[in-house]
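Structural characterization, general
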Amino acid sequence: MKTKLHLLYGGKSAEHQVSLQTALAVTKALDTDKFEVYPLYITETGEWKRGGLLNGPAESVHQLKLEEGGTTIAPLALTNEEETEETQTVVFPLLHGPNGEDGTVQGMLELLNLPYVGNGVLASSAGMDKVIMKNLFDQAGLPQVGYAHFLRSEWEKAADTTYEKVESELGYPCFVKPANLGSSVGISKAKNRKELEAAFREAFDYDRKIIVEQGLEGAREIEIGVLGNDEPECSVIGEIAPKTEFYDYKAKYEDGDTAMIIPAEISEDIYEQVKEMAITAFKAIDGAGLVRADFFLTKEGKLYINEVNTMPGFTPFSMFPLLWQHTDVSYPQLIEKLVGYAQQRHEEKQ
Ligand code: ADP
Ligand code: MG
Ligand code: MG
């Protein structure tokens, strides 16, 4: 049976361009004997456009913008799809950040009763909100650095009280982050009161809620892929070695000189611990399909979980697909597995 696969990409977020690149790579990887591929593009202004059947790889990002021959649709039109005995529809959201990775798109697809790749509403939104995510990890007994959260309204009323709380409970250096973002946007490291004040202002520009964490110095950053539904599996471990003071937005998207080491040089014992913690984290948010779980490993050999990403970077050069490639799952196989997990989960819900 052929799968009618709607690639959902673009979106109203900072990761619009990345999403287009991912979609282009995915069209190149799909086997047209198994998939009928349809482009579904969300423009930068939030308009939904769909294009006709793609018979093979898209030629360019430009083509995927559907400027020629694309039809503007209301998302609800997706439910008017004709399901035949020979096809089954699956949506593959290739979107990152708010309005893509945070449960909103997933909620819409639930309402439309369509199978879709990746995490559901709850896992997506819990994974997007760093405070909720950390609370769930705490409850699951996962080791993490100390943290506290603040609302813009309380900071506006009594800024000094919020800074004093950070200083007495967490100390310096600390990391200040918008609660609901990714790609290091709005994140700063603060080493003193002056930097803390600037960091609060910066983070509150992006969100009404922020999280402040104890900062680790000199810890290694290691990442692992988790794949599956009720019985997820782990990939090998990768390490990122940013040249900057931390893995900031620029290091992620502009410099390109952050080293990615796969597999990371770590002991078998640490690998086992990371795998167990990653599965625990996946289950703590009730994950489905995939997550990339990120950890800090200190010089003393102590592991802390940093976060899970429910829609990690997914170009063929991103950490998650590369981790699986080193685990003998190629990019096309990875996509097929994810579509399979989407169908399995959909069937289980019926
Ligand atoms: P995002 O979801 O935007 O990737 P992260 O929480 O992963 O946000 O933070 C981005 C980067 O900031 C991390 O990859 C790491 O380099 C650095 N960082 C974040 N939190 C800490 C911390 N508590 N201690 C040390 N470094 C941190
Ligand atoms: Mg993240
Ligand atoms: Mg991160």
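Note that this is a predicted model, so its numbers are computed, not measured.

Let's shift gears to the nonpolar core. Residues Tyr 9, Phe 92, Leu 94, Phe 314 and Ile 335 are the most contacted members of the largest nonpolar core, which totals 36 residues. Looking at this core, the elements that each hand over two or more residues are β1 (2-10), α1 (16-29), β2 (35-42), α2 (61-64), β5 (87-93), α11 (319-325) and α12 (331-349). Among the elements that take part in this core, α12 stands out by supplying seven residues, more than any other. Among all residues touching Phe 314, those that are not within four sequence positions of it are Thr 22, Val 26, Phe 92, Leu 94, His 96, Leu 290, Phe 320, Pro 321, Tyr 331, Leu 334, Ile 335 and Leu 338. In terms of nonpolar packing, the next biggest core, distinct from the first, is built from 27 residues, Ala 123, Tyr 271, Met 277 and Ile 279 among them.

This part covers the side chain of Gln 144. Within the fold, Gln 144 resides in the loop between α5 (130-139) and β6 (147-151). Here Gln 144 falls in the buried class, since its relative accessible area comes to 13%. A distance of 3.4 Å separates a polar atom in the side chain of Gln 144 from a polar atom in the side chain of Asp 138. Contact partners of Gln 144, with chain neighbours within four places excluded, come to Lys 134, Phe 137, Asp 138, Tyr 304 and Ile 305.

The next subject is the coordination of the magnesium ion (ligand 2). Taken together, Glu 307 (OE), Glu 307 (OE) and Asn 309 (OD1) make up the protein donors of the magnesium ion (ligand 2), found 2.2 to 2.6 Å from the metal. Distance-wise, the magnesium ion (ligand 3) is placed 3.7 Å from the magnesium ion (ligand 2), both being coordinated by Glu 307. The burial state of Glu 307 is the same as that of Asn 309; both residues are buried.

Scanning all chains against the criterion turns up eleven aromatic pairs. Seen in terms of ring centroids, Phe 200 and Phe 204 are 6.0 Å apart; in terms of plane orientation they differ by 65°. Their pairing is edge-to-face. You can see Phe 200 and its partner Phe 204 sitting in helix α8 (residues 193-204), four residues apart, about one turn around the helix. By way of ring pairs, the aromatic residues Phe 92, Phe 314, Phe 320, Trp 324 and Tyr 331 are connected into one cluster. A cation over an aromatic ring shows up here: Lys 275 above the ring of Tyr 271, its NZ or CZ 4.3 Å from the ring centre.

The rules behind these values
- Residues numbered from 1 in each chain as written.
- Chains lettered and ligands numbered in written order.
- Predicted model: local features only at pLDDT ≥ 70, side-chain atom pairs only at ≥ 80, totals over all residues.
- Heavy atoms only, no water.
- Core = buried A, V, L, I, M, F, W, Y, C linked by side-chain atoms within 4.5 Å.
- Buried < 20%, exposed > 50% of the residue type's maximum accessible area, 1.4 Å probe, protein only.
- Helix = DSSP H or I, 4+ residues; strand = E, 2+ residues; numbered from the N terminus.
- Contact = heavy atoms within 4.5 Å.
- Polar contact = N/O pair within 3.5 Å; in protein donor to acceptor, adjacent residues only side chain to side chain.
- Donors = N, O, S within 2.8 Å, 3.2 Å for Na, K, Ca; no water.
- Phe/Tyr/Trp six-rings, centres within 6.5 Å; stacked < 30°, edge-to-face > 60°.
- Lys NZ or Arg CZ within 6 Å of the ring centre and 35° of its normal.

All we've got here are geometric facts, nothing functional implied.
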